[in-house]
Amino acid sequence: MPSESILVVDDTPEIRENMAEILSSDGFSVDVARDGEEAIEILAQRHYDVVLTDLSMPRRSGLDVLRVLNEQEEDTVCVVVTGFGTIQAAVEAMRLGAFDFLTKPVKSDELSVVIEKALETRSLRRENKTLRQELRKALGFDRIVGKSPAIQEVFHLVEKVASADSTVLITGESGTGKELIAHAVHDHGKRKDRPFVPVNCAAIPAELLESELFGHEKGAFTHAIRTRIGRFELADKGTIFLDEIGDMPPVLQVKLLRVLQERAFERVGGSKTIHIDIRVIAATNVDLEEAVRQGRFREDLFYRLNVIPIRVPPLRERKADIPLLIEHFLAKFSRGGRTVTVDDAARRSLVAYDWPGNVRELENMMERLVILSNGSVVTREDLPERIRGAGGRSSSGGGVIEIPSLPEEGIPLHEVVNEFEKAIIIQALDRTNWIKNRAAKLLQMNRTTLIEKMKKQQIIKAQETAA
Ligand SMILES: Nc1ncnc2c1ncn2[C@@H]1O[C@H](COP(=O)(O)OP(=O)(O)OP(=O)(O)O)[C@@H](O)[C@H]1O
Ligand SMILES: [Mg+2]
């Protein structure tokens, strides 16, 4: 690997040679320029990792050099050197994007430290740039980010099965991207210009689900004032997406089985048989085979659905995707021109963490971090304890709770308990996409208790805080 390159610009020969000598003996490849004008000529020919420049010089000043660097697409880092009386100019230089400044006379150890820091920043900038480029390539597949072999395998399968009209069953933990995959199957198939009609079987109360799916005739029940077209009819010639199929009540499982077998049904309260041409995609985070064994899900329906199974792997099984997803969400949530970045240590922790709530948990976390970072850099200290400490310890399952150590001077117990409670509630909400019903289920409490606690703890979604 070639050594990093530095351009030293100063109009005083002794200072210039002195700095060049120190940096050369530190192992850098050093060039010199006698003033701003010469520096700008050199910079037009070649790029440097760092430019170290004096501010006041004849012909063109250090600020001019800085302006030229700003116009270049490169991520060269600029450090300025100032004499007494030019502090004002140094401030101006920092405003223009200089990385740091040194005051004359420059001591050799100071110089080495600043250059070291500058190079770190430079490699961070470069890494972010590479990640962003990779991201653009990885986004090729329907804006679903992923380069890991595990997710690539899913993409291949999607492409293969999309054009066939067979029923697809997508399984995977909550937040893994099942809905995105369902869309991709539809969008790559023959029906892509026809409707894609989603039904969330878990979100619609059981007593409404039947008429939601099949529609009803006027007068079918008390509130059926007019005839209503169901989702199956809406999806005719297109795709119906039965999300959270594992939560479908048993009575409806029978009716669904018939639709799958005959592509025919009647509206609620109606006698006319309606024939439809649909493709069925179903998804679930429930282990359906287990549900079949326990008698909660019909076996015949399971086989009808499980024609082409697609398993979306949990995020912890495709950690190679995490850096790309981080970049993707940073770009998604950053406002204004400047994209928030994540430093190395923070990135390492984010990759090491288990992500029990999968991509959704990562997405919510990045949204919060972007807001908290005030548009600059996310460091490891900005991460919540459970992620910061990731690496050795598995955070999913096992029920291991880390007890904070009691400070020397003592601490009010309720404060610790409150903080703990708040952290756990936020985790539950993040993992369930802030659907309070589900979060309450995870925490084994009822919904109203959860809402009370959220109020008391002033827990609001990051997005709402920002607004
Ligand atoms: N590979 C990915 N690239 C970009 N965004 C993703 C990816 N996977 C998931 N997401 C995002 O993560 C969130 C959760 O994804 P999705 O709703 O598809 O998950 P799910 O598996 O259906 O979860 P659940 O079982 O809880 O319904 C969405 O905002 C989605 O856009
Ligand atoms: Mg889903």
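About the criteria used
- Residues numbered from 1 in each chain as written.
- Chains lettered and ligands numbered in written order.
- Predicted model: local features only at pLDDT ≥ 70, side-chain atom pairs only at ≥ 80, totals over all residues.
- Heavy atoms only, no water.
- Core = buried A, V, L, I, M, F, W, Y, C linked by side-chain atoms within 4.5 Å.
- Buried < 20%, exposed > 50% of the residue type's maximum accessible area, 1.4 Å probe, protein only.
- Helix = DSSP H or I, 4+ residues; strand = E, 2+ residues; numbered from the N terminus.
- Contact = heavy atoms within 4.5 Å.
- Near = heavy atom within 4 Å.
- Polar contact = N/O pair within 3.5 Å; in protein donor to acceptor, adjacent residues only side chain to side chain.
- Areas by Shrake-Rupley, 256 points an atom, 1.4 Å probe, with all protein chains shown as cover.
- Domains from an automatic or database assignment.
- Patch = residues over 30% accessible without salt bridge, like charges linked within 9 Å, V, L, I, M, F, W, Y side chains within 5 Å.
- Salt bridge = Lys/Arg side-chain N within 4 Å of Asp/Glu carboxyl O.
- Pairing = 2+ DSSP bridges.
- Axes fitted to C-alpha atoms, helices over the stretch in contact; angles between N-to-C directions.
- pLDDT = per-residue confidence, 0-100.
- Lys, Arg positive; Asp, Glu negative; His and termini not counted.
- Charge placed at Lys NZ, Arg CZ, Asp CG, Glu CD.
- Phe/Tyr/Trp six-rings, centres within 6.5 Å; stacked < 30°, edge-to-face > 60°.

1. So, the nonpolar core
1) Next: Within the largest apolar cluster, 32 residues are counted, with the highest numbers of intra-cluster contacts made by F232, L242, I245 and F297.
2) Next: Elements represented by at least two residues in this core include exactly β7 (196–200), α8 (206–214), β10 (239–243), α10 (250–262), β13 (279–284), α11 (288–293) and α12 (299–305).
3) Next: With five residues, the top contributor of residues to this core is α10.
4) Next: Ignoring any residue separated from it by four or fewer positions in sequence, one finds F297 in contact with I245, G246, Q253, L288, A291, V292, F302 and L305.
5) Next: With 25 residues, the next largest nonpolar core counts I326, V340, L362 and M365 among its residues.

2. Some remarks on the site of ligand 1
1) Next: In the region of ligand 1, 20 residues are neighbours, and S174, G175, K178, R360 and E363 sit closest.
2) Next: Within the side chain of S174, one N or O atom sits 2.6 Å away from an oxygen atom of ligand 1.
3) Next: G175 is positioned with one of its backbone polar atoms (N or O) 2.8 Å from an oxygen atom of ligand 1.
4) Next: Here ligand 1 loses 88% of its free accessible area of 640 Å² to cover by the protein chains.
5) Next: Elements supplying a minimum of two residues to the shell around ligand 1: α7 (178–187), α13 (322–333) and α15 (358–372).
6) Next: Residue-level mapping places the shell around ligand 1 at the junction of two domains, with at least three residues from each of domain 2 (149–313) and domain 3 (317–403).

3. Side note on a nonpolar patch on the surface
1) Next: A cluster of nonpolar side chains, namely I87, V91, M94 and F101, defines an oily patch on the protein surface of about 310 Å² accessible area.
2) Next: For the nonpolar patch, the element with the highest residue contribution is helix α4 (residues 87–95), accounting for three residues.

4. Points about the sheet that holds strand β14 (residues 308–311)
The strands that make up a sheet are held in pairs by hydrogen bonds between backbone atoms, and each pair lies either parallel or antiparallel.
1) Next: Judged by pairing direction, the sheet is parallel, and its five strands sit side by side in the order β7-β10-β13-β6-β14 without closing on themselves. One side of each edge strand has no neighbouring strand; the edge strands of this open sheet are β7 and β14. Strand-to-strand twist in this sheet, taken as the mean axis angle between neighbours without regard to direction, amounts to 20 degrees.
2) Next: For strand β6 (residues 168–171) and β13, the ladder comprises four bridges, and the chain directions are parallel. Considered in β13, the bridge of I170 is made with A283.
3) Next: Strands in contact with helix α6 (residues 149–162) are β6, β13 and β14; relative to β14, the strand with the most contacts, it is inclined by about 155 degrees.
4) Next: Seen against the sheet, α7 touches β6, β7, β10, β13 and β14 and runs at an angle of roughly 165 degrees to β13.

5. With respect to the sheet that holds strand β3 (residues 50–54)
1) Next: Ordered by their spatial adjacency, five strands build an open sheet running β2-β1-β3-β4-β5, and the pairing between neighbours is parallel. A strand with exactly one partner marks an edge of an open sheet, and here the two such strands are β2 (29–33) and β5 (100–103). With direction set aside, neighbouring strand axes in the sheet form an average angle of 20 degrees.
2) Next: Summarising the sheet, strand β4 (residues 77–82) and β5 pair through four bridges and their orientation is parallel.

6. Brief notes about the pairing of β2
1) Next: Inspection of the sheet shows strand β1 (residues 5–9) paired to β2 by five bridges, in the parallel sense. Residue pairing for β2: I6 is matched across the bridge by V30.

7. Notes on the confidence of the model for the protein
1) Next: With 91% of its residues at a pLDDT of 70 or more, the protein has an overall mean of 86.
2) Next: Note that pLDDT drops below 50 for residues 391–400; the model gives that stretch nine contacts with residues more than four away or on any other chain.

8. A short note on the side chain of T167
1) Next: As for its position among the elements, T167 is in the loop between α6 and β6.
2) Next: Ignoring anything within four residues of it in the chain, the contact list for T167 reads R263, V280, R304, L305, V307 and I308.

9. Section: a negative patch on the surface
1) Next: Taken together, the side chains of E4, D26, E116, E120 and D344 define an acidic patch exposed on the protein surface.
2) Next: With respect to the helices, strands and loops of the structure, E116 is situated in helix α5 (residues 108–138).

10. Quick word on the pattern of salt bridges
1) Next: One pass over the full model with this rule turns up 34 salt bridges.
2) Next: We note a salt bridge from E38 to R34, for which the minimum N-O separation is 2.9 Å.
3) Next: Close ionic contact of R267 with E217 constitutes a salt bridge, the shortest N to O distance being 3.3 Å. Placement of the pair is R267 in the loop between β11 (264–266) and β12 (273–275) and E217 in the loop between β8 (215–216) and β9 (228–229), with a sequence separation of 50 residues.
4) Next: The class of R267 is buried, set by a relative accessible area of 13%.
5) Next: Through salt bridges with shared partners, one network takes in D10, D54 and K104.

11. Re the packing of aromatic side chains
1) Next: Enumeration over the complete set of coordinates arrives at seven aromatic pairs.
2) Next: These aromatic residues form a ring-pair network of at least three members: F214, F232 and F265.

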